[in-house]
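Chain residues, written in single-letter form:
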Amino acid sequence: MMVATSSMLDGAGVRLLEAAKHTVDSYVRSGMVVGLGTGRASAMAIEHLGRQLREGALREVVGVPTSVSSASEAAKAGIPLDQYGDNLQIDFAFDDADVIEEGVLTAVIGRRKLEGGESIIQEKSIIKAATMLSFIITEKQYTKDLDGSIPVLVLSDNWMETAEEIDDMFLGDAEVWRRPTMGHADPLGGDFPLVTREGHNVLDVIFTSPILNLAQVARGLDQIDGVVDHGVIVDTPCTAIIASEYGLQIVDNLSVDALKLK
């Protein structure tokens, strides 16, 4: 197994590794069921968690992977695994985020290319079900200046009607493209549009103007017929472990005042 040591990483990678280690050391306790996130930082945290188990610093920890890739990383690290189900109590979960809205900690996940068998629905369900949740991110991902895309899962039968309704909602502020499995991307998803394991298409709502309020965007998407889910994590108590060139920054939205801002 390839071990991520600080000598193999650039400055940003070293800082992210420290954030991953801090997350495991600060929040994971023996006997916990832990949701294992997806992405570069989560892979580092999974590797460190496995090392802590092998060295005896932690015992009887069970991981619940959010994706095929996190399950693979956990297997390499020697972490016992369980599958997510409605009756499974998850004590703590960590995950990467594409971007987090400064202050309120509304997050976006799912911009990455989805490998076979991966599910935004599963990833979102696991992290929202956890009693405690931490996102491991870089300082560039923690911002008030939100832009980029939001993945939206839609019913495949009437995906075009749903796309048109989303386009109307954000008229002039965003473009709506169906995500392809491979090849050149275009608004229709090319010759090989992505179909998730649940049978849904993924529409990438690509904002051409700043996203002023992620929570408002999420609630608008929730009201559209044909939308199954999306990559916005909103109204969820969590902590952000931010890897900064000045050291780790720990921010949460657990206070009453922060939650009122949502």
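Please read these numbers as outputs of a predicted model, since none were measured by experiment. The residue numbering used here restarts from 1 in each chain and proceeds along that chain's sequence as written. Local features in a predicted model are, by the rule used here, given only for residues with pLDDT of at least 70; side-chain atom pairs are given and counted only at 80 or more, and totals for whole chains, interfaces and linings are based on all residues. Excluding hydrogens and water, the side-chain figures rest on all heavy atoms present in the structure.

## Thoughts on the packing of helix α2 (residues 40-54) against helix α3 (residues 68-77)
Next, step 1: Fitted lines through C-alpha atoms give the axes, limited to the stretch in contact for helices. The angle between two N-to-C directions lies from 0 to 180 degrees. Helix numbers and strand numbers start at the N terminus; a helix is a DSSP run of H or I with at least 4 residues, a strand a run of E with at least 2. α3 packs onto α2 with a crossing angle of 25 degrees between their chain directions and a minimal axis gap of 8 Å. By the criterion of interaxial angle, the relationship of α2 to α3 is roughly parallel. Between α2 and α3 the crossing geometry is right-handed. Along its contact with α2, which presents A43, I46, E47, G50 and R54, the element α3 presents S70, E73, A74 and A77.
Next, step 2: Think of it as three bins: nonpolar holds Ala, Val, Leu, Ile, Met, Phe, Trp, Tyr, Cys and Pro, charged holds Asp, Glu, Lys and Arg, and polar takes everything else, Gly as well. Taken together, the residues of the contact of α2 with α3 sort by class into 4 nonpolar, 2 polar and 3 charged. Our angle categories are set so that under 35 degrees counts as roughly parallel, over 145 as roughly antiparallel, 65 to 115 as roughly perpendicular, and the remainder as oblique. The crossing is said to be left-handed when, going from far helix to near helix, the turn is anticlockwise and less than a right angle, and right-handed when the turn is clockwise. Note on definitions: a residue-residue contact is assigned when non-hydrogen atoms from the two residues lie within 4.5 Å.

## Digging into helix α4 (residues 120-129)
Next, step 1: For every residue, the accessible area (1.4 Å probe, protein chains only) is compared with the maximum for its type, and the residue is labelled buried under 20%, exposed over 50%, or partly exposed between those bounds. Taken as a whole, α4 has its buried residues at I120, Q122, E123, K124, I126 and I127.
Next, step 2: For this analysis, a polar contact is any N or O atom pair within 3.5 Å, provided that within protein one partner can donate a hydrogen and the other can accept it, and provided that sequence-adjacent residues contribute only side-chain to side-chain pairs. The N-cap of α4, judged by a side-chain oxygen 3.2 Å from the amide nitrogen of I121 a few residues on, is S119.

## Focus: a negative patch on the surface
Next, step 1: Every patch collects residues that have over 30% relative accessible area and no salt bridge, joining them within 9 Å if they carry like charges and within 5 Å if they are nonpolar side chains (Val, Leu, Ile, Met, Phe, Trp, Tyr). Each accessible area is a Shrake-Rupley result for a 1.4 Å probe, and residues are judged covered by the shown protein chains and nothing else. Salt bridge criterion: a side-chain nitrogen from Lys or Arg within 4 Å of a carboxyl oxygen from Asp or Glu. Counted as positive: Lys and Arg. Counted as negative: Asp and Glu, with His and the chain ends omitted from the count. Lysine's charge is taken at NZ, arginine's at CZ, aspartate's at CG and glutamate's at CD. Together, E161, E164, E165, D168 and D225 give the surface a local cluster of negative charge.
Next, step 2: Take E164: it is sitting in helix α5 (residues 159-169).

## Looking at the sheet that holds strand β9 (residues 174-178)
Next, step 1: Paired strands, in this sense, are two strands between which DSSP finds at least two bridges. Pairing in this open sheet of 4 strands is antiparallel, and the strands run β9-β10-β8-β11 from one edge to the other. The open sheet terminates on both sides in strands that have one partner only, identified here as β9 and β11 (227-230). Between one strand and the next, the sheet's axes are offset by a mean angle of 25 degrees, whatever the strand orientation.
Next, step 2: As defined by bridge partners, strand β8 (residues 146-155) adjoins β11 across 3 bridges and the pair is classed as antiparallel. Within β11, the position partnered with L153 by the bridge is D229.
Next, step 3: With respect to the sheet, helix α6 (residues 214-222) is in contact with β8, β10 (200-211) and β11, its orientation differing from that of β8 by roughly 20 degrees.

Scope: geometric values only; no functional claims are made or implied.
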